[in-house]
Amino acid sequence: ISFPNTSIVLSSHFFTKFDEDKIEALFWLRLQLQRNGLLSDNGCLAEDLLIPINVDNRHWILGIIDLKHKCYFTLNPYWPSKPTPHELEMVQMITFALQEEFGFPDFQI
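Residues numbered from 1 in each chain as written. Predicted model: local features only at pLDDT ≥ 70, side-chain atom pairs only at ≥ 80, totals over all residues. Heavy atoms only, no water.

**Student:** Sorry if this is basic, but what is going on with helix α2 (residues 22-35) here?
**Tutor:** Three or four residues apart is the spacing at which side chains of an α-helix point the same way, because the helix has 3.6 residues per turn. The terminal C-alpha atoms of α2, which comprises 14 residues, lie 20 Å apart, in line with the 20 Å expected from a rise of 1.5 Å per residue. Residues Ala-25, Leu-26, Leu-29, Gln-32 and Leu-33 constitute the buried set of α2. All buried residues of α2 project into a common sector of 115° when viewed along the axis, lining one side. Exposed and oriented more than 90 degrees from the buried face of α2 are Ile-23, Phe-27 and Arg-35. Turning to α2, the residues buried within the fold contact β1 (7-9), α1 (14-20), β2 (39-40), β3 (43-44), β4 (48-55) and α3 (85-102). (Helix = DSSP H or I, 4+ residues; strand = E, 2+ residues; numbered from the N terminus. Expected span 1.5 Å × (residues − 1). Buried < 20%, exposed > 50% of the residue type's maximum accessible area, 1.4 Å probe, protein only. Arc of directions from axis to C-beta. Contact = heavy atoms within 4.5 Å.)

**Student:** Any chance you could explain the packing of aromatic side chains here in plain terms?
**Tutor:** Aromatic rings considered in pairs are described by the distance between their centres and by the relative angle of their planes. Going through the model one piece at a time under the given rule, you end up with six aromatic pairs. Between Tyr-78 and Trp-79, the aromatic rings sit 5.8 Å apart at their centres with planes inclined by 70°, giving edge-to-face as the arrangement. Assigned by exposure class, Tyr-78 and Trp-79 land together as exposed. Cluster of aromatic residues (ring-pair linked, three or more members): Phe-14, Phe-15, Phe-18 and Trp-28. (Phe/Tyr/Trp six-rings, centres within 6.5 Å; stacked < 30°, edge-to-face > 60°.)

Pasting the structure below:
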C-alpha cells in the first residue's frame, strides 16, 4: 500500500507508549515528523496521522487524525461507520496532546 508523502503511519507501539509515557511518545512523533521533512520552524506539513491501536489486547482499530482538515475518527473494520465512544476517546486523547505539543487548533470528530 502506498501512502502520500504527507501521511505518517505510526508504529503499532505508539499508542501503548502514549498510554505509558505521553512525553516520550510525543518526542518520538516529533522525530518521525522531522525525519520525514514534515516538521519545521514554519509548522507541520503532515496532513494525516494513521495510528493502529490494539483495543483491550483483542482487536485492532485505526485512529485517523486529519491535520489538514482538523478532524479525527476511528476506523473499526467490524463497524466502520459506528465507532464506540471508547474508540473515539482513545484518538481524542492523542489529538489533545498534539494540540498542546504542537500548537494545533481544536480538532472535531
